[in-house]
Amino acid sequence: MAGCDILASMKQKLQSTGLYRLDGSTLVDAELQAYAAAMQALADEIWKLEQEGFVQTAGGDGLELWERACGNVRDTLSTADRREMLCSRLRVTPNDYTAGKLQDALLAAGILAHVAEIENHTVYINVLGTAEIQREMSPEEIQALAAEFLPAHLEWSFDFGVLSWDYIDGGDHPFDQMDQADFSWDQIDVYAP
């Protein structure tokens, strides 16, 4: 166990009784060293188990077990990315129907997206990519992954292009201005004043 000296701890407890001379030369000292060696191995395993039991500190088998419980094992990603995705997934609750929360939920599924409500309970999802490095995912696979998080009472519109709300708002003509001009998405995409 990190930061724990088992031998010193046992000696301290026995010295307080006044029954033992623990100067390193007695048979009791040798016996305590043998106990400490065995107990240290056990303490190290317990410490490792504690580390692997929590997403924030898991890094080996525990991380993979958490991923299996929550969906897919993503062993091609960095440990930090895997932990972030798991934490996002574990934060999802049945009441997470805001655009930001749904965006976090999609990230937990490995979908990098921008989520925005358009109008009348229709939600626009601009899929920017996926965290799956080993292979490209089809739009159907992405939609199937997302379906786990999307509430049934809302309509969904998936867009797999590079055009996003942030991209439009960051341009010379913000979306509100483009929307007032009554442009279609295709017209916005090629618009040049």
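Preceding block: the structure.
Asker: Hey, could you run me through helix H2 (residues 27-52) in this one?
Answerer: Structural remark: α-helix, 3.6 residues per turn; residues separated by three or four positions point the same way. Between its first and last C-alpha atoms H2 spans 38 Å; for 26 residues at 1.5 Å apiece the expected length is 38 Å, and the two agree. Among the residues of H2, Asp29, Leu32, Ala36, Ala43 and Glu52 are the ones counted as buried. Where H2 is buried, its residues touch helix H1 (6-15) and helix H3 (61-70).

Asker: Would you explain the environment of Asp159 in this entry?
Answerer: Note that Asp159 resides in strand S3 (residues 155-159). Here the alpha-carbon distance between Asp159 and Pro139, two residues 20 residues apart in the chain, equals 9.3 Å. Ignoring anything within four residues of it in the chain, the contact list for Asp159 reads Tyr124, Ile125, Asn126 and Val127.

Asker: I tried to follow the nonpolar core on my own but got confused; where do I start?
Answerer: In a soluble, globular protein the nonpolar side chains are often hidden away together inside. Of all hydrophobic cores here, the largest spans 17 residues; its most connected members are Leu106, Ile111, Val115 and Ile125. Excluding residues within four positions of it along the chain, Leu106 makes contact with Ile111, Ala113, Val115, Ile125 and Ala146. Within the second largest apolar cluster, 6 residues are counted, among which are Ile6, Leu22, Ala36 and Ala43.

Asker: Explain the pattern of salt bridges to me, please; I cannot follow it from the model alone.
Answerer: Between side chains of opposite charge, a pair can form when the charged atoms approach closely. Within this structure, the stated rule accounts for 4 salt bridges. Across the salt bridge formed by Asp29 and Lys11, the nearest N and O atoms sit 3.6 Å from each other. Separated by 18 residues along the polypeptide, Asp29 in helix H2 and Lys11 in helix H1 bring together distant segments of the chain. In this structure Asp29 comes out as buried when scored by relative accessible area, which is 1%. Between Arg82 and Glu67 there is a salt bridge, with the nearest N and O atoms lying 2.6 Å from each other. Taken together, the residues Arg82 in helix H4 (residues 79-91) and Glu67 in helix H3 connect sequence positions 15 residues apart.

Asker: Just checking my understanding: could you explain the environment of Gly59 for this structure?
Answerer: Checked against the element boundaries, Gly59 lands in the loop between H2 and H3. In sequence terms Gly59 and Arg83 are 24 residues apart; their C-alpha atoms lie 8.6 Å from each other. With residues near it in sequence (within four places) discarded, Gly59 still touches Glu52, Thr79 and Arg83.

The rules behind each value
- Residues numbered from 1 in each chain as written.
- Predicted model: local features only at pLDDT ≥ 70, side-chain atom pairs only at ≥ 80, totals over all residues.
- Heavy atoms only, no water.
- Helix = DSSP H or I, 4+ residues; strand = E, 2+ residues; numbered from the N terminus.
- Expected span 1.5 Å × (residues − 1).
- Buried < 20%, exposed > 50% of the residue type's maximum accessible area, 1.4 Å probe, protein only.
- Contact = heavy atoms within 4.5 Å.
- Core = buried A, V, L, I, M, F, W, Y, C linked by side-chain atoms within 4.5 Å.
- Salt bridge = Lys/Arg side-chain N within 4 Å of Asp/Glu carboxyl O.

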